[in-house]
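Structure at a glance
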Amino acid sequence: MIHQVLRMGDERLLRTAVAVEDVHSAETVELIADLKETMHAYKGAGLAAPQIGMGLRVVVFGFSRNSRYPEAPSIPETVLINPVLMPLDEEMEDGWEGCLSLPGMRGIVPRYTKLRYTGIDENGTGIDRVVSGFHARVVQHECDHLDGLLYPMRIRDMRRFGFHDVLFPSQADIDE
Ligand code: NI
């Protein structure tokens, strides 16, 4: 089922999500299907369970090509449950981010450049990856949602936060 994505200001986006105990439960299976369907419907790069009002530690992300981020390299489509993120060094880099919970907005957000993440997928199989660049950025953004954090809370220079069509007039037709 395609859900309406909660928008910033909704108190449910500020809660800390709880770990999934059974990936095969009917509730979890339905949640994963709904997250995927909703992410695709909105052409998101990723989506976290709290964004559809479910306080569980589940995120989905990945695409081969994404109209919201036309320059971005592909990321394997992934269901990541109970994620743990470990930055591999102190290095951070700035990059543009958007979020389906802030339609039409973009901001420059510092993120760890390189990290390792672990968790389990929808079959209960372990995931253990070392990633960098946009892949690392997307994982950090999505997992922040599980701790009640939205990307504007990470912005250091609020002058680099605004409406997508104003910041990037040549891409104004991009589907938000
Ligand atoms: Ni988001």
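Look up a bit, the structure's there.
Residues numbered from 1 in each chain as written. Predicted model: local features only at pLDDT ≥ 70, side-chain atom pairs only at ≥ 80, totals over all residues. Heavy atoms only, no water.

1. Comments concerning the sheet that holds strand β5 (residues 105–112)
The three strands are arranged β4-β5-β8 in an open sheet whose pairing can be described as antiparallel. Each edge of the open sheet carries a strand with a single partner, namely β4 (92–97) and β8 (161–163). On average, adjacent strands in this sheet sit at an angle of 25 degrees to one another, irrespective of strand direction. (Pairing = 2+ DSSP bridges. Helix = DSSP H or I, 4+ residues; strand = E, 2+ residues; numbered from the N terminus. Axes fitted to C-alpha atoms, helices over the stretch in contact; angles between N-to-C directions.)

2. Re the nonpolar core
It is characteristic of soluble globular proteins that their nonpolar side chains tend to be buried jointly. Within the largest apolar cluster, 20 residues are counted, with the highest numbers of intra-cluster contacts made by Val 59, Phe 61, Phe 63, Ile 75, Leu 80, Tyr 117 and Phe 134. Among the secondary structure elements, those contributing two or more residues to this core are β2 (58–63), β3 (75–87), β6 (114–120), β7 (126–132) and α2 (133–146). For Tyr 117, the residues in contact, after removing those within four places along its chain, are Phe 61, Leu 80, Val 84, Leu 85, Met 86, Ile 127, Asp 128, Arg 129, Val 131, His 135 and Val 139. In this structure, Val 23, Ile 32, Val 60 and Leu 100 belong to the second largest nonpolar core, which totals 16 residues. (Core = buried A, V, L, I, M, F, W, Y, C linked by side-chain atoms within 4.5 Å. Buried < 20%, exposed > 50% of the residue type's maximum accessible area, 1.4 Å probe, protein only. Contact = heavy atoms within 4.5 Å.)

3. What about the packing of aromatic side chains?
Within the structure shown, the criterion is met by five aromatic pairs. The interplanar angle of 80 degrees and the centroid separation of 5.1 Å between the aromatic rings of Trp 96 and Phe 168 together place this pair among those described as edge-to-face. With Trp 96 in strand β4 and Phe 168 in the segment after α3 (164–167), this residue pair connects regions lying 72 residues apart in the sequence. Judged by relative accessible area, Phe 168 falls into the partly exposed class, the value being 21%. The rings of Phe 63, Tyr 69 and Phe 134 are connected pair by pair, giving a single aromatic cluster. (Phe/Tyr/Trp six-rings, centres within 6.5 Å; stacked < 30°, edge-to-face > 60°.)

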